[in-house]
Amino acid sequence: MPSPRIEHVNVTVRDPQRTSRLMTDLFGWPIRWQGPARDGGLSIHVGTAQQYIALYTGAGVAYTADDFAKGRPLNHIGVEVDDLDATEARVVAAGLTPFSHGDYEPGRRFYFLDPDGIEYEVVSYA
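Residue numbering note: each chain is counted from 1, following its sequence as written. Thresholds applied to this predicted model are a pLDDT of at least 70 for local features of residues and 80 or more for the giving and counting of side-chain atom pairs; totals over whole chains, interfaces and linings are not thresholded and use all residues. Each side-chain value is worked out from all heavy atoms of the structure, with water and hydrogens disregarded.

## Quick look at helix H1 (residues 16-27)
Strands are runs of DSSP state E lasting at least two residues, helices are runs of H or I lasting at least four, and both sets are numbered from the N terminus onward. Any helix carries an expected span of 1.5 Å times its number of residues minus one. With 12 residues, H1 ought to run about 16 Å at 1.5 Å a step, and its terminal C-alpha atoms sit 16 Å apart, in line with that. Accessibility here uses a 1.4 Å probe with only protein chains present; expressed as a share of the type maximum, an area under 20% marks a residue as buried, one over 50% as exposed, and anything in between as partly exposed. Those residues of H1 that fall on the buried side of the exposure criterion are Pro16, Thr19, Ser20, Leu22, Met23, Leu26 and Phe27. On an axial view of H1, the arc spanned by its buried residues comes to 155°, and they lie on one face. By the criterion applied in these results, polar contacts are pairs of N or O atoms within 3.5 Å in which, for protein atoms, one can donate a hydrogen and the other can accept it, and in which residues neighboring in sequence qualify only through two side-chain atoms. Two or three places before glutamine 17, at the opening of H1, aspartate 15 has a side-chain oxygen 3.1 Å from that residue's backbone nitrogen. Count one or two residues on from H1 and you reach glycine 28, which has phi positive near 75°. The arc in question is formed by the directions pointing from the helix axis toward the C-beta atoms.

As structure tokens, this is what we get:
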């Protein structure tokens, strides 16, 4: 039997356009699809042909910071890159702050928060 894999993760964000531009700028991912979503919302799928993040927002919803509190239930989204330093430079250029740098098996990593406070772990096994 083939190994299962995660095909996508669907996360709620305040502004899917803003977050999809950030993902495109930081990771070079194209927008795979965008359009209407459940309950009159909007969804933008950004990623590769095999895996992506679905960015969703509801229609007329007033999200608060509490809606994006770390660990409710998402702790972070992990993204593997080939060039950690170049990606970190793009994160900084986007006005975001990398933190918790680590260099331990099996790779190097850092974290950052997007404008909604969603945490990303960027890791390289190169």
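## Re the sheet that holds strand E4 (residues 52-57)
Here we have 4 strands laid out as an open sheet, ordered E1-E4-E3-E2, and mixed in their pairing. The open sheet terminates on both sides in strands that have one partner only, identified here as strand E1 (8-12) and strand E2 (31-37). Direction aside, neighbouring strands of the sheet carry axes that sit 20° apart on average. By the bridge criterion, 5 bridges tie E1 to E4 in an arrangement that is parallel. Of the residues in E4, the one forming a bridge with asparagine 10 is alanine 54. Contacts are assigned to residue pairs that have any heavy atoms within 4.5 Å of one another. To get an axis, a line is fitted to the C-alpha atoms, and for a helix only the part in contact is used. The angle between two axes follows their N-to-C directions and goes from 0 to 180 degrees. Along the sheet face, H1 touches E2, strand E3 (41-47) and E4 and points at about 5° away from the line of E3. We treat two strands as partners when DSSP finds at least two bridges between them.

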